[in-house]
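Residues per chain are reported as follows:
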Amino acid sequence: MASSPASTPSNADSPQISPATSGARHGGDLVGQVLKNQGVRFLFTLCGGHISPILVGAKRLGVRVIDVRHEVNAVFAADAVARLTGVPGVAAVTAGPGATNTITAIKNAQMAQSPLVLLGGATATFLEGRGSLQDIDQMALFKPHVKWAASARRVRDLVPMLERAFRVAQAGVPGPVFLECPVDLLYDEPTVRSLYPFQGDEKPRGFGQKMAALYVNRHLNKLFKGAFDEVPANRQVIAAPQPREADLEAAFNDLAAAERPLLILGSQATLRAPESEALAEAVERLGVPVYLGGMSRGLLGAGHPLHMRHKRRKALKDSDLVILAGFPMDFRLDYGRSIPSRTKVISINRCRKDLYKNRRPTLAVQADPGLFLETLASQIERDGDEWTGWVEQLRARDQERDDQIAEQRTVETEHLNPLDVCHHIDQALADDSVLVADGGDFVGTASYITRPRGPLRWLDPGAFGTLGVGAGFALGAKLVRPEAEVWILYGDGSCGYSIAEYDTFVRHNLPVISVVGNDACWMQIAREQVEILEDDVGCGLARSDYHRVVEGFGAKGLMVNQPDQLEATFAEAKRLNAAGHPVLVNAWLGKTDFRKGSISM
């Protein structure tokens, strides 16, 4: 697990950090100033002596420091902040195990194209490779999974390198970056000098020690030379990749000729988070029936006539033009096979590689997909009825599927029908609610039924399919939108990854609501494993008292296992939440075959 503080005496060569000289400036102050200037409001962390000056420096300058119970959730929280604001989220973790604990969340952010900055502590520059506490090759660990990784070598490097980190994280295809900050760059100079040999009362003896003393002094002088000469700049807004006029004209012509166009929006279309309302207006103005995926769910609100929710595969088969806006042809589109070869495909993506993944589109547009759609919509004048029949055909299919689901949710099960639970969640959602999806079978069921009420009100891990994002994402969402109802939809398997963060919710006064779909099973895996391999090994769980677990952290827990209790239970959860309490609802599910055959590979 994480992090022993860097002051733990693991061996004789490890530096022992003493209190900083009163009033002395240090590298943590420089880091804090850059964060403030870049518009960072929250710094997520799990404390460690390697990074303590960063936390103190950020707090002094008004950046709110939120400490979690596992470093992976610090990065998940930073990811959520980035998705909801467009400003890179920031996490700081201590060296060694503190850094290694973040790698799943970093990879998730890379695949979700979320701009975030991870600050990693490291051993003192003088002790690298000598067996000091928590000293590993962190650069080799992170380089394959981030856009940019670097290690500061002097105090004066902290400001320009951190500012570069923010630029790189946001430019082109956004993603995570890693900046390693060795401990002797972060503490004040008198404290650091006191850790090195021959810098205090100890005098060198003999030629060898005198030469060592000269080397140490030279190293320290280089470390601190011009330490505070670099003045942090104000935030620079990174422009999104612009569309070309030729591509806009080609798309305009293809759309004008289409009889059955279809728009598929992915998370990348919402990267310009502050412009989400403008994107929604553009989609509405285009008038093309649309399927929304990932972070784009909820873009048009609940029940918009252009928003289709079901039978996407059949709609793709029937369409004559498919516009993929920030949605690569990966497993979610059956690697491009969901779209007939006769159908024209316009793919818009910031990433050139994703434009051509698995299949070459008719028109490949390397630009920000949201900006492209907004520009295209501004150039179109519609009669309003070009595709009325096509839209009505798709809506009839949607209604047919909704009717089937409504009928299936009335089927009695041993405990609660999961479709009925999701229906009652949807009925309970406030207009300002944010939904965090963290689970397999239960969350997959919820995606058919729950309807996000507006743009940027649905958070799921993305293409990596990561379990465990729930508490971290909810933490970031609640900080960004303190007045909103934030709901975590947990499977009972995924809940185990982050339930300890209920302690964080309580300590930082961040009331969220979570619903655990408790079917005592890793159901999404068990469905196929049992049928294909006739063995449920590794899939069984207990119907654990998750509601009692959170009560131990000071939150409120509720349990429901009868259908006639659902409405009252969710009403009580909302009441407790409004009173300032984090709440967990433990919902005992029965088994259905609703999602049979839904495994993805």
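Residues numbered from 1 in each chain as written. Predicted model: local features only at pLDDT ≥ 70, side-chain atom pairs only at ≥ 80, totals over all residues. Heavy atoms only, no water.

### Section: the overall build of the protein chain
Move 1: The helix and strand inventory of the protein chain stands at 24 helices and 18 strands.
Move 2: A compact globule built from 601 residues would reach a C-alpha radius of gyration of about 25 Å, and the protein chain, at 26 Å, matches this within 12%.
Move 3: Based on the C-alpha atoms only, the size of the protein chain along its principal axes is roughly 90 × 60 × 45 Å.
Move 4: Residue burial in the protein chain is summarised as follows: out of 601 residues, 58% are buried.
Move 5: When contacts within the protein chain are restricted to residue pairs at least 6 apart in sequence, long-range pairs at least 24 apart make up 76% of them.
Move 6: A distance of 6 Å separates the average location of the 66 positive side-chain charges in the protein chain from that of its 70 negative side-chain charges. (Helix = DSSP H or I, 4+ residues; strand = E, 2+ residues; numbered from the N terminus. Rg over C-alpha atoms; globule rule 2.2 N^0.38 Å. Buried < 20%, exposed > 50% of the residue type's maximum accessible area, 1.4 Å probe, protein only. Contact = heavy atoms within 4.5 Å. Lys, Arg positive; Asp, Glu negative; His and termini not counted. Charge placed at Lys NZ, Arg CZ, Asp CG, Glu CD.)

### A closer look at the sheet that holds strand E15 (residues 486–491)
Move 1: Pairing in this open sheet of 6 strands is parallel, and the strands run E14-E13-E15-E16-E18-E17 from one edge to the other. Across the chains shown, the open sheet's two edge strands, defined by having one partner strand only, are strand E14 (458–459) and strand E17 (556–560).
Move 2: Across the face of the sheet, helix H24 (residues 566–578) comes into contact with E15, strand E16 (513–518), E17 and strand E18 (583–588) while running at roughly 175 degrees to E17. (Pairing = 2+ DSSP bridges. Axes fitted to C-alpha atoms, helices over the stretch in contact; angles between N-to-C directions.)

### Some remarks on the packing of helix H12 (residues 276–286) against helix H15 (residues 369–378)
Move 1: At a closest axis distance of 9 Å, the pairing of H12 and H15 adopts a crossing angle of 50 degrees. Our classification of the angle between H12 and H15 gives oblique. Between H12 and H15 lies a crossing whose hand is left-handed. The segment H12 lies against H15, with Ala 278, Leu 279, Ala 282, Arg 285 and Leu 286 engaging Gly 370, Leu 373, Glu 374, Leu 376, Ala 377 and Ser 378. (Parallel < 35°, antiparallel > 145°, perpendicular 65-115°, else oblique. Left-handed = near helix turned anticlockwise from the far one by under 90°.)

### Examining empty space enclosed by the protein
Move 1: In this structure the tally under the stated criterion is 4 cavities of 30 Å³ or more.
Move 2: Quantified by volume, the largest cavity comes out at close to 100 Å³.
Move 3: In terms of lining, the largest cavity is formed by 13 residues, of which the most central are Arg 83, Ala 112, Ser 267, Leu 271 and Met 295.
Move 4: Considering only residue class, the lining of the largest cavity consists of 6 nonpolar, 6 polar and 1 charged. (1 Å grid on protein atoms, 1.4 Å probe; cavity = no way out; pocket = protein on both sides within 12 Å on 5 of 7 lines; lining within 4 Å. Points joined across faces, edges and corners; volume = space filled by probe spheres on them. Nonpolar A, V, L, I, M, F, W, Y, C, P; charged D, E, K, R; others polar.)

### So, the pattern of salt bridges
Move 1: This structure, assessed with the given rule, holds 26 salt bridges.
Move 2: Notably, a salt bridge pairs Arg 507 with Asp 503, separated by 2.8 Å at the nearest N-O pair. With Arg 507 and Asp 503 both in helix H21 (residues 502–507) and 4 residues apart, the pair spans about one turn of that helix.
Move 3: Its relative accessible area of 39% is what places Arg 507 among the partly exposed residues.
Move 4: In this structure Asp 503 comes out as buried when scored by relative accessible area, which is 13%.
Move 5: Ionic contacts of the salt-bridge type, sharing partners, join the residues Asp 67, Arg 69, Asp 503 and Arg 507 into one network. (Salt bridge = Lys/Arg side-chain N within 4 Å of Asp/Glu carboxyl O.)

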